[in-house]
Amino acid sequence: MQKLSREKAWQLLTTYVDDPSLLQHSLIVETIMRHFAQLNHADPDVWGIVGLLHDLDWQRYPEQHCYKTAEILRTAGIDEVYIHAIMSHSYGIDTDVKPSNLMEKTLFTIDELSGLIVAVTKIIPSHRINDVKVKSVKKKFNRSTFAAGVNRNLINQGLAMLNVPLTDIIQECLNAMQANATALNLN
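None of these values were measured; they are calculated from a predicted model.

**Student:** Could you give an account of the overall build of the protein chain, naming the residues involved and the relevant values?
**Tutor:** The helix and strand tally for the protein chain stands at nine helices and zero strands. Start at the N end of the protein chain and walk to the C end: the helices and strands fall as α-α-α-α-α-α-α-α-α. The C-alpha radius of gyration computed for the protein chain amounts to 15 Å, which stays within 12% of the reference 16 Å derived for 187 residues, consistent with globular compactness. With the principal axes as the frame, the protein chain shows a C-alpha extent of 45 × 35 × 30 Å. A burial count over the protein chain gives 49% of its 187 residues as buried.

Right, here's the structure in full:
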């Protein structure tokens, strides 16, 4: 497998994305993916780049989500490992590419969950990720009217694929985000 550098991935991302919220989301997912890679003794650079680029086409080509990213990455000569993982994060919504390994299943699970965690951060008085607790996220997870755009069904599907409880995934997402709160602009 030919690895993609973080610098080249960032160049690609910022060529297609300039929306500050989407850039922040990409950085958050990258951070969480790196954290999970380390927990699973995998390559944090590969996992992180997959997280960083997973929504590469969302701003410009939402109707071609994932497919346009695949086209862009193939044109740039990027390894299929990245492309398959990115395609699989939208399994059952935009693609029929099923997550088939731990990296892909993790991305599938944490993409939506990270958005819920950010939404919880925005409503607490301090607006600081370091003050967010698992209990608060879990409570909001169970309220479908809160952050209604977050697809809880996808998160649950991902949890089933990973065979881990929601509490554990939330805690590890918080660990990653809290350790990088300043860089992620979540303070």
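Moving on from the model shown.
**Student:** Kindly report on the nonpolar core, identifying the contributing residues and their values.
**Tutor:** One finds L53, L113 and M177 to be the most contacted residues of the largest nonpolar core, which totals 62 residues. Considering every element that reaches this core, the biggest residue donor is helix 6 (residues 102-123), with nine residues. If sequence neighbours within four positions are ignored, M177 has contacts with I28, I32, S114, I117, V118, I129, L184 and L186.

**Student:** Give a detailed account of the pattern of salt bridges, specifying residues and quantitative values.
**Tutor:** Where side chains of opposite charge bring their charged atoms close, a pairing between them can arise. Going through the model one piece at a time under the given rule, you end up with eight salt bridges. Across the salt bridge formed by D45 and R34, the nearest N and O atoms sit 2.9 Å from each other. Placement of D45 in helix 3 (residues 44-53) and of R34 in helix 2 (residues 20-39) is noted, with a sequence separation of eleven residues between them. Relative accessible area serves as the criterion here: at 21%, R34 is assigned to the partly exposed category. A salt bridge links E71 to K68; the nearest nitrogen and oxygen atoms lie 3.1 Å apart.

**Student:** If you had to explain the packing of aromatic side chains to someone new, which residues and values would you point to?
**Tutor:** Scanning all chains against the criterion turns up zero aromatic pairs. A cation over an aromatic ring shows up here: K68 above the ring of Y61, its NZ or CZ 4.8 Å from the ring centre. Above the ring of F146, the side-chain terminus of K140 is found at 5.1 Å from the ring centroid.

**Student:** Quick one: what's the story with the packing of helix 2 against helix 6, residue by residue and with numbers?
**Tutor:** Orientation of helix 2 relative to helix 6, taken along the N-to-C sense of each, is 130°, at an axis distance of 9 Å. Between helix 2 and helix 6, the angle falls in the class oblique. Judged by the sense of rotation from one axis to the other, the crossing of helix 2 with helix 6 is right-handed. Facing H25, I28, V29, I32, M33 and F36 of helix 2, the residues of helix 6 in contact are M103, T106, L107, I110, D111, S114 and V118.

**Student:** Quick one: what's the story with the side chain of S114, residue by residue and with numbers?
**Tutor:** By secondary structure assignment, the location of S114 is in helix 6. For S114, a relative accessible area of 1% corresponds to the buried category.

**Student:** Lay out the UniProt feature "domain: HD" (unreviewed entry) in the protein chain in plain terms, naming residues and giving numbers.
**Tutor:** UniProt records the feature "domain: HD" (unreviewed entry) for residues 23-113 in the present numbering. Annotated as 63% helix and 0% strand, the span residues 23-113 places its first and last C-alpha atoms 16 Å apart.

**Student:** Lay out the side chain of T31 with the relevant residues and their values.
**Tutor:** Here T31 is to be found in helix 2. Look at T31 and you get buried, because its relative accessible area is 13%. Apart from the residues lying within four places of it in its own chain, the contact partners of T31 are A176, N180 and L184.

**Student:** Quick rundown of helix 9 (residues 166-179)? Include the residues and the values.
**Tutor:** Taking 1.5 Å per residue, 14 residues should reach 20 Å; helix 9 reaches 20 Å between its end C-alpha atoms and fits that length. Here helix 9 has its buried residues at L166, I169, I170, C173, L174, A176 and M177. The arc that holds every buried residue of helix 9, seen down its axis, measures 165°, which confines them to one face. Looking at the buried positions of helix 9, the neighbouring elements they touch are helix 2, helix 6, helix 7 (134-141) and helix 8 (152-162).

About the criteria used
Residues numbered from 1 in each chain as written. Predicted model: local features only at pLDDT ≥ 70, side-chain atom pairs only at ≥ 80, totals over all residues. Heavy atoms only, no water. Helix = DSSP H or I, 4+ residues; strand = E, 2+ residues; numbered from the N terminus. Rg over C-alpha atoms; globule rule 2.2 N^0.38 Å. Buried < 20%, exposed > 50% of the residue type's maximum accessible area, 1.4 Å probe, protein only. Core = buried A, V, L, I, M, F, W, Y, C linked by side-chain atoms within 4.5 Å. Contact = heavy atoms within 4.5 Å. Salt bridge = Lys/Arg side-chain N within 4 Å of Asp/Glu carboxyl O. Phe/Tyr/Trp six-rings, centres within 6.5 Å; stacked < 30°, edge-to-face > 60°. Lys NZ or Arg CZ within 6 Å of the ring centre and 35° of its normal. Axes fitted to C-alpha atoms, helices over the stretch in contact; angles between N-to-C directions. Parallel < 35°, antiparallel > 145°, perpendicular 65-115°, else oblique. Left-handed = near helix turned anticlockwise from the far one by under 90°. UniProt positions renumbered as here; feature names shortened; annotations may be inferred. Expected span 1.5 Å × (residues − 1). Arc of directions from axis to C-beta.

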